[in-house]
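One-letter residues, chain by chain:
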Amino acid sequence: AQKITQTQPGMFVQEKEAVTLDCTYDTSDPSYGLFWYKQPSSGEMIFLIYQGSYDQQNATEGRYSLNFQKARKSANLVISASQLGDSAMYFCAMREYAGGTSYGKLTFGQGTILTVHP
Amino acid sequence: DGGITQSPKYLFRKEGQNVTLSCEQNLNHDAMYWYRQDPGQGLRLIYYSQIVNDFQKGDIAEGYSVSREKKESFPLTVTSAQKNPTAFYLCCSGGANYGYTFGSGTRLTVV
């Protein structure tokens, strides 16, 4: 069974500094996808970044980058130049591949609450 | 605009009552999912469907039921057998590549 572990219940960062949110995963599938989502207090899930298991380079999307270390089974999210609006819950998730389709179910970690201080 | 619509946004259930949460998508996605989120916790999978007229149990299906009669719709019924239904419920659909889209959620409270 797939498992996602986020060991940081809460993180604090000063505005304009960088922060790393940890995520480790466990799977026996050679093909998988890793996601990071942001959930503000409103509850909506905002997609941030995606990394495929066969991708050679680490994914980047604006201020977000994913530090993918396949051998260590880690997929940490790095947010550069933190902004007050980055304060939210962040989830790491992994997708399994079901029967060759590209949209298997997502398994989520417990989340990390990020607080950005001015 | 394409997206997922969940309704209602807030729902109150009396003890012993069944309630149905609506989820509609116009993204032409084959797969749809229901997740439950308790305060300060991650999302747990209740049910999912990858094709019309077919669905599978997730990790916490007891006390819930679903139907998938149309591609666009995947309603979730919270039955009286669900002893602790107070939670935030999120519907999600999945398309090609990594295109998952989430609804805005329904907050269910037992009164």
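In short, a report on the structure. Since we're looking at a predicted model, the values are computed, not measured.

## Notes on the interface of chain B and chain A
Part 1 of the reasoning: With 22 residues of chain B at the interface, the matching set in chain A holds 22 residues.
Part 2 of the reasoning: The interface formed by chain B and chain A contains five residue pairs in polar contact (both at pLDDT 80 or more).
Part 3 of the reasoning: Broken down by secondary-structure element, the contributors of at least two residues to the side of chain B that touches chain A are strand 4 (31-37), strand 5 (43-51), strand 9 (87-94) and strand 10 (100-102) of chain B.
Part 4 of the reasoning: Across the side of chain B that touches chain A, the residue classes tally to twelve nonpolar, eight polar and two charged.

## Overview of the layout of surface pockets
Part 1 of the reasoning: Of the pockets and cavities examined, the largest pocket occupies roughly 320 Å³.
Part 2 of the reasoning: Lining the largest pocket are 19 residues, and of these Gln-39 of chain A together with Gln-37, Pro-39, Gly-40 and Arg-107 of chain B lie nearest its centre.
Part 3 of the reasoning: Looking at the lining of the largest pocket, the elements with two or more residues in it are strand 10 (88-95) and strand 12 (112-117) of chain A together with strand 9 and strand 11 (106-110) of chain B.
Part 4 of the reasoning: Among the elements that line the lining of the largest pocket, the one with the most residues is strand 11 of chain B, at three residues.
Part 5 of the reasoning: Of the residues contributing to the lining of the largest pocket, the split by class is nine nonpolar, eight polar and two charged.
Part 6 of the reasoning: The space that makes up the second largest pocket amounts to roughly 200 Å³.
Part 7 of the reasoning: For the lining of the second largest pocket, the secondary-structure elements that each account for two or more residues are strand 11 (106-108) of chain A together with strand 5 of chain B.
Part 8 of the reasoning: For the lining of the second largest pocket, the class distribution of residues is six nonpolar, three polar and four charged.

## Observations concerning the state of the cysteines
Part 1 of the reasoning: Summed over the entire model, instances satisfying the criterion amount to two disulfides over all chains.
Part 2 of the reasoning: Put simply, Cys-23 of chain A and Cys-92 of chain A are joined by a disulfide, and their sulfur atoms are 2.0 Å apart. Between Cys-23 of chain A and Cys-92 of chain A, the S-S torsion sits near -65 degrees, and that sign places the bridge as left-handed. Taken together, the residues span a long stretch of sequence, with Cys-23 of chain A in the loop between strand 3 (19-21) and strand 4 (24-26) and Cys-92 of chain A in strand 10 at a distance of 69 residues.
Part 3 of the reasoning: With relative accessibility at 0%, the residue Cys-23 of chain A sits in the buried group.
Part 4 of the reasoning: Assessed through its relative accessible area of 0%, Cys-92 of chain A is described here as buried.
Part 5 of the reasoning: In this model, Cys-23 of chain B is linked to Cys-91 of chain B through a disulfide, with the two sulfur atoms separated by 1.9 Å. Disulfide Cys-23 of chain B-Cys-91 of chain B: the torsion about the S-S bond is -75 degrees, which places it as left-handed. Of this pair, Cys-23 of chain B sits in strand 3 (residues 19-25) while Cys-91 of chain B sits in strand 9, and the two are 68 residues apart along the sequence.
Part 6 of the reasoning: Given the relative accessible area of 0%, Cys-23 of chain B is considered buried.
Part 7 of the reasoning: Among the cysteines around Cys-92 of chain B, which has no disulfide bond, Cys-91 of chain B carries the closest sulfur, lying 7.2 Å off.

## Some remarks on the packing of aromatic side chains
Part 1 of the reasoning: Applying the stated criterion to the full structure yields 17 aromatic pairs over all chains.
Part 2 of the reasoning: Centroid distance Tyr-37 of chain A to Phe-102 of chain B: 5.3 Å. Interplanar angle 80 degrees. Geometry classified as edge-to-face. Taken together, the positions of Tyr-37 of chain A in strand 5 (residues 33-39) and Phe-102 of chain B in strand 10 put the pair across two chains.
Part 3 of the reasoning: With a relative accessible area of 11%, Phe-102 of chain B lands in the buried category.
Part 4 of the reasoning: Considering the side-chain rings of Tyr-64 of chain B and Tyr-89 of chain B, the 5.9 Å spacing of their centres and the 65 degrees angle between planes classify their relative orientation as edge-to-face. Taken together, the residues Tyr-64 of chain B in strand 7 (residues 64-66) and Tyr-89 of chain B in strand 9 connect sequence positions 25 residues apart. Both residues of the pair, Tyr-64 of chain B and Tyr-89 of chain B, count as buried.
Part 5 of the reasoning: Among the aromatic residues, those joined into a cluster by ring pairs are Phe-35, Tyr-37, Phe-47, Tyr-50, Phe-91 and Phe-108 of chain A together with Tyr-33, Tyr-35, Tyr-48, Tyr-100 and Phe-102 of chain B.
Part 6 of the reasoning: Note that Arg-63 of chain A overlies the ring of Tyr-64 of chain A, its terminal NZ or CZ placed 5.6 Å from the centroid.

Reading the values: rules and limits
Residues numbered from 1 in each chain as written. Chains lettered and ligands numbered in written order. Predicted model: local features only at pLDDT ≥ 70, side-chain atom pairs only at ≥ 80, totals over all residues. Heavy atoms only, no water. Contact = heavy atoms within 4.5 Å. Polar contact = N/O pair within 3.5 Å; in protein donor to acceptor, adjacent residues only side chain to side chain. Helix = DSSP H or I, 4+ residues; strand = E, 2+ residues; numbered from the N terminus. Nonpolar A, V, L, I, M, F, W, Y, C, P; charged D, E, K, R; others polar. 1 Å grid on protein atoms, 1.4 Å probe; cavity = no way out; pocket = protein on both sides within 12 Å on 5 of 7 lines; lining within 4 Å. Points joined across faces, edges and corners; volume = space filled by probe spheres on them. Disulfide = S-S within 2.5 Å. Buried < 20%, exposed > 50% of the residue type's maximum accessible area, 1.4 Å probe, protein only. Phe/Tyr/Trp six-rings, centres within 6.5 Å; stacked < 30°, edge-to-face > 60°. Lys NZ or Arg CZ within 6 Å of the ring centre and 35° of its normal.

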